[in-house]
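Analysis of the macromolecular model
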Amino acid sequence: MSTKSAGLAKKMGYKNVQVYLDGEPAWKKEGLPTYASNKFVKEGNIVLVDLRSTDKSKKGRIARSVSIPYDNLEGRYKDLPKKADIVVYSADTEVATDAIDDLRDEGFKKVVMVKGNLKGWTKSGGKLVTTPMVTDVVWVRKLAKGEVSGKDFKAALSGKAADAVILDVRTADEVSEGKFKNVITIPVDQIGARMSELPKDKKIYVHCTTGARADMAAQELKEKGYKAFYYVADIKCKGSDCTISD
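Described below are features of the structure shown in this document. All values derive from a computational prediction rather than experimental measurement.

Conventions used here
Residues numbered from 1 in each chain as written. Predicted model: local features only at pLDDT ≥ 70, side-chain atom pairs only at ≥ 80, totals over all residues. Heavy atoms only, no water. Pairing = 2+ DSSP bridges. Helix = DSSP H or I, 4+ residues; strand = E, 2+ residues; numbered from the N terminus. Contact = heavy atoms within 4.5 Å. Axes fitted to C-alpha atoms, helices over the stretch in contact; angles between N-to-C directions. Buried < 20%, exposed > 50% of the residue type's maximum accessible area, 1.4 Å probe, protein only. Salt bridge = Lys/Arg side-chain N within 4 Å of Asp/Glu carboxyl O. Core = buried A, V, L, I, M, F, W, Y, C linked by side-chain atoms within 4.5 Å. Disulfide = S-S within 2.5 Å. Right-handed = clockwise from strand over helix to strand, strands pointing away. Polar contact = N/O pair within 3.5 Å; in protein donor to acceptor, adjacent residues only side chain to side chain.

Side note on the sheet that holds strand E8 (residues 203–207)
On the basis of which strands lie adjacent, the open sheet formed by 4 strands has the order E7-E6-E8-E9 and parallel pairing. Each of the sheet's edge strands pairs with one partner strand only, and the pair in question is strand E7 (184–185) and strand E9 (227–230). Note: E8 against E9, 4 bridges, orientation parallel. Residue pairing in the sheet places Val 206 in a bridge with Tyr 230 of E9. Seen against the sheet, helix H9 (residues 212–223) touches strand E6 (164–168), E8 and E9 and runs at an angle of roughly 165° to E9.

What follows is the structure, encoded as structure tokens:
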């Protein structure tokens, strides 16, 4: 939950509201599963994996899914793009969570489960299809709405894009360990109070460690009239030495 969402929840009357600023990266580090909304399953630029047996998949599966039975998953790692958001589902939640753990162990960082697994999908009105089963993984990276490309982000970093600035929204502790040179640093929970420090006549490319907090910050800035975009990549910094894995 973002600080903005927490504020809205309080206005709606909720009293016991807390913000988990460490976000999704810390949650995953603890080995806990994360979930995809039905909209993301239907419309997201994802690889959707049906972990059930091929016989069960033929009888009915979520549209766009690729059939990779859990017993065959290890042999298919090489077919799955590591930059893609991978969404898995099964009839057995334990199988789905095991698959998430296995994929994370293999270096897949964006792996989630269909919300409620297959039962949750159908219970919420999600449909199953019986069209010809797909076993080949086909995925092309697409920028989401409001997302800046790696090329444009790096151009701004190098000073080649005079119309853009970089905003780092990580925590003060994270920034103290290292950051890019010549960037603006404002923790995501302070954006609302410190917007005046940002130029309205330039594009603002927001980054954090993965992109989740950057997305929240960019949305908040856009609502106030800023030309803000967020960058999705794994960013690690030690001093002024920063590596980008996009």
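A look at the sheet that holds strand E5 (residues 111–114)
Within the open sheet, the 5 strands sit side by side as E1-E5-E4-E2-E3. Their pairing is parallel. Either end of the sheet is taken by a strand with one partner, and the two such strands are strand E1 (35–36) and strand E3 (65–67). Sitting on the sheet, helix H5 (residues 93–105) touches strand E4 (85–89) and E5, and the angle it makes with E5 is about 170°.

Structural notes on the pairing of strand E2 (residues 46–50)
Of all 5 residues that make up E2, 5 are buried, and the element is covered over most of its length. Here E2 shows two buried faces, one formed by Ile 46, Leu 48 and Asp 50 and the other by Val 47 and Val 49. Two elements, E2 and E4, share 5 bridges in a ladder whose sense is parallel. For Leu 48, the partnering residue across the bridge sits in E4 and is Val 87. Strand direction decides the pairing type here: E2 and E3, joined by 3 bridges, are parallel. Residue pairing across strands places Asp 50 opposite Ser 67, the latter belonging to E3.

What about the pattern of salt bridges?
If you walk through the whole model with that rule in mind, you get 8 salt bridges. Taking the shortest distance from any N to any O, the salt bridge between Arg 52 and Asp 50 comes out at 2.8 Å. Residue Arg 52 is classed as buried on the basis of its relative accessible area of 9%. Residue Asp 50 is classed as buried on the basis of its relative accessible area, which comes to 0%. As a salt-bridge pair, Arg 141 and Glu 147 come within 2.5 Å of each other at their nearest N and O atoms. Residue classification places Glu 147 among the buried positions, given a relative accessible area of 10%.

Comments concerning the nonpolar core
In this structure, Val 47, Val 49, Leu 73, Leu 80, Ile 86, Val 88 and Leu 103 are the most contacted members of the largest nonpolar core, which totals 20 residues. The set of elements that each furnish at least two residues to this core consists of E2, E4, H5 and E5. Element by element, the count of residues in this core is highest for H5, at 4 residues. Those residues in contact with Val 47 that lie beyond four places of it in its chain are Leu 80, Pro 81, Ala 84, Asp 85, Ile 86, Val 87, Val 137 and Trp 139. With 18 residues, the next largest nonpolar core counts Val 165, Ile 204, Tyr 226 and Tyr 230 among its residues.

Quick word on the state of the cysteines
All told, the structure shown has 1 disulfide when counted by the stated rule. Put simply, Cys 237 and Cys 242 are joined by a disulfide, and their sulfur atoms are 2.1 Å apart. Negative torsions about the S-S bond denote left-handed disulfides, and the value of about 115° found for Cys 237 with Cys 242 makes this one right-handed. Both residues of the pair, Cys 237 and Cys 242, belong to the buried class.

What to know about the pairing of E8
Along E8, 4 of the 5 residues are buried, which leaves the element largely enclosed by surrounding structure. Note: E6 against E8, 5 bridges, orientation parallel. Each bridged residue has a counterpart across the sheet, and for Ala 164 the counterpart in E8 is Lys 203. Running through H9, the crossover from E8 to the neighbouring parallel element E9 is right-handed.

Points about the side chain of Arg 170
Residue position: Arg 170 is located in the loop between E6 and helix H8 (172–177). Among the polar contacts listed, one links the side chain of Arg 170 to the side chain of Asp 168, at a separation of 2.8 Å. Polar side-chain contacts of Arg 170 include one of 2.7 Å to the backbone oxygen of Gly 178. Those residues in contact with Arg 170 that lie beyond four places of it in its chain are Val 175, Gly 178, Lys 179, Pro 187, His 207, Cys 208, Thr 209 and Arg 213.

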